Amino acid sequence: LALTLLATGVSVGSVSNRKLFEALNAHKTNLLLSPPSLPALLMAGISIASKEWLYRITRVVGERLNSQVVIANAWHHRSDAYSSVLALLSIALAIAFPQFLWADAAAGLLVAGMICMTGIEILDESVKQLTDTNNHELVQRVKSLISNKRTNAPIDRDVISIDNIKARQVGSAAYVDISVTTPNHLSSSANKAVEERIKNTIMEQEPNVVNANIRASGPDVSCPLLTHTSSEYAEEHPVTDVEEETRQLLLLDPNVEKVTGVTVYVHDTYLVDVDANVRLCTLQLSHNDKFKEPTPSSSSSSSKDDSTTTATTTPPPAISSMTIET
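Attention here is on the structure that accompanies the text. Keep in mind that this is a model prediction, so the values were computed, not measured. Position labels on residues start from 1 in each chain and follow its written sequence. Side-chain atom pairs in this predicted model are given and counted only at pLDDT of 80 or more, local residue features only at pLDDT of at least 70, and totals for whole chains, interfaces and linings cover all residues. In computing side-chain values, all of the structure's heavy atoms are included and hydrogens and water are not.

**Notes on the overall build of the protein**
In terms of regular secondary structure, the protein is built from 10 helices and 8 strands. The criterion used for residue contact is that any of the two residues' heavy atoms lie within 4.5 Å. Considering only intrachain contacts with a sequence separation of at least 6, the fraction spanning at least 24 residues in the protein is 59%. The protein chains shown are the only cover counted for residues, whose accessible areas, like all others here, come from Shrake-Rupley with a 1.4 Å probe. Looking at the protein as shown, the accessible area adds up to about 20,400 Å², and 56% of this sits on carbon and sulfur atoms. Strands are runs of DSSP state E lasting at least 2 residues, helices are runs of H or I lasting at least 4, and numbering of each runs from the N terminus.

As C-alpha cells, then:
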C-alpha cells in the first residue's frame, strides 16, 4: 500500500508538473487551454464528503482491530479528502479567473506531495514492524502500569527496580519483555509470583498484548569468570546431586530417622545454601543417661525436659551454609 501511494504521488506530480509548464508558457507557444467545467467542481465537492466519511469509518474499525493496514487505508482516504479540497479550490479559481489556469496544475503538485508523504509514513510504520523496532508508545503505557507516575518507583513492593522494558508490534498483536530486580532473599517461587502479578496487570490493561515475558531476579548476580573457581565440580554436581548428597550425609547420623525435605538455593556459580528438615529417632533416656560421642560428620543433643533436638552436619565442599530444622 505504501509503495502504491508513492507511485501514485510520483505519477500525479509528473503530470501536474508538465501541465504547469504548459500553462505558464501558453502565451509564448499560443497554446489554447480550456478552463475546467462545473461538473469537475461538483465531483471535487462530492469527493471531499465521501472520502472524509470513509476515513472516519475505516479509522474506527482499524483502531478497534489494532490493524495498521486498516489504519493506513483510513489515512489514504484522508489524504484523498485533502487533495480534493485543493482540487476544489484550484478548479473554482480557474473557472472564476481563466488567467489562473496554472493554479490547477500547482494544486496537483501539492496533492502529489501529500500523497507521497502519506506513503512514506505508512512505509516507515511497516518497516518498524518488520524489523521488530521497539514500540516507544507501548513502552510508556506499560511503564505507567507497573510504576508510580510521580516517583517512577515500582508499584509492586517486591520489586526494587524496573531494569528494562521492550515492546514490539506484530500486526495487530504486541509482545512485551520486562526485566525487574527483586530482593536477594526472595526464593524462586516468590520471584515467579512477582512475574505472574506483573504479567496479569499488563494483560488485563493492554488487550492487544498477546504475551508478556517477565523476568524477576535478585541484584546479586556474580560474574561466572570470577566465581567459577571449580568448573569440574560445578559440571559434575548439579542441584539434584547436591540434594542427594545432603540426604546421604544426614542419614549417616544414627539419630536421624528420616530426611523429610532438602531445599538447595544457588548462591552463585559454585556455592549453594541448603535448608534441610529431618525427623529424629525417639530416644528413651533417664537423667543419668549420656549421649554417645558424635561422629565426625554429625552431632546430636537431647534432654528429657526439652523436646527440641538439633542436629548439625558437615556440609559438602560446594555448600556455603546449611540450615537444618527438626
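**Topic: the pattern of salt bridges**
One speaks of a salt bridge when a side-chain nitrogen belonging to Lys or Arg is within 4 Å of a carboxyl oxygen belonging to Asp or Glu. Under the definition given, this model contains 9 salt bridges. Here Arg197 makes a salt bridge to Asp158, at a shortest N to O gap of 3.0 Å. Of the two residues, Arg197 sits in helix H7 (residues 188-205) while Asp158 sits in the loop between helix H6 (136-146) and strand E1 (161-170), which places them 39 residues apart along the sequence. Among the residues examined, Arg197 registers a relative accessible area of 36% and is labelled partly exposed. The exposure class of Asp158 is partly exposed, given its relative accessible area of 31%. Across the salt bridge formed by Lys192 and Glu196, the nearest N and O atoms sit 3.7 Å from each other. One end of the pair, Lys192, and the other, Glu196, are both in helix H7, 4 residues apart, so they sit about a helical turn from each other. Burial status follows relative accessibility: with a 1.4 Å probe on protein chains alone, a residue under 20% of its type maximum counts as buried, one over 50% as exposed, and anything between as partly exposed. For Lys192, a relative accessible area of 47% translates into the label partly exposed. The partly exposed category is assigned to Glu196, whose relative accessible area is 32%. Through salt bridges with shared partners, a single network forms among Glu52, Arg56 and Arg78.

**A look at a nonpolar patch on the surface**
Residues qualify for a patch when their relative accessible area is over 30% and they have no salt bridge, like charges being joined within 9 Å and the nonpolar side chains of Val, Leu, Ile, Met, Phe, Trp and Tyr within 5 Å. On the surface, Leu24, Leu93, Phe97, Phe100 and Trp102 cluster together to form a nonpolar patch covering roughly 420 Å² of accessible area. One can find Leu93 in helix H4 (residues 68-96). We classify Leu93 as partly exposed; its relative accessible area is 32%.

**Comments concerning the nonpolar core**
Side chains that are nonpolar tend, in soluble globular proteins, to be buried together. Judged by nonpolar contacts, the single largest core of 18 residues is most densely connected at Leu138, Val142, Val176, Ile178, Ile198, Ile202 and Val209. Residue assignment for this core shows that the elements contributing at least two residues are H6, E1, strand E2 (173-181), H7 and strand E3 (209-217). The residues touching Leu138, leaving out its near neighbours within four places in the chain, are Ala167, Ala174, Val176, Glu206 and Val209. Val242, Val259, Val272 and Val278 belong to the second largest nonpolar core, which has 11 residues in total. Buried Ala, Val, Leu, Ile, Met, Phe, Trp, Tyr and Cys residues that are joined via side-chain atoms within 4.5 Å together make up what is termed a nonpolar core.

**Structural notes on the environment of Leu88**
Mapping Leu88 onto the fold places it in helix H4. As a C-alpha pair, Leu88 and Asp104 span 16 residues in sequence and 9.1 Å in three-dimensional space. Filtering out sequence-adjacent residues up to four positions away, Leu88 remains in contact with Leu41, Ala44, Gly45 and Ile48.

Read these as geometric descriptors, not functional statements.
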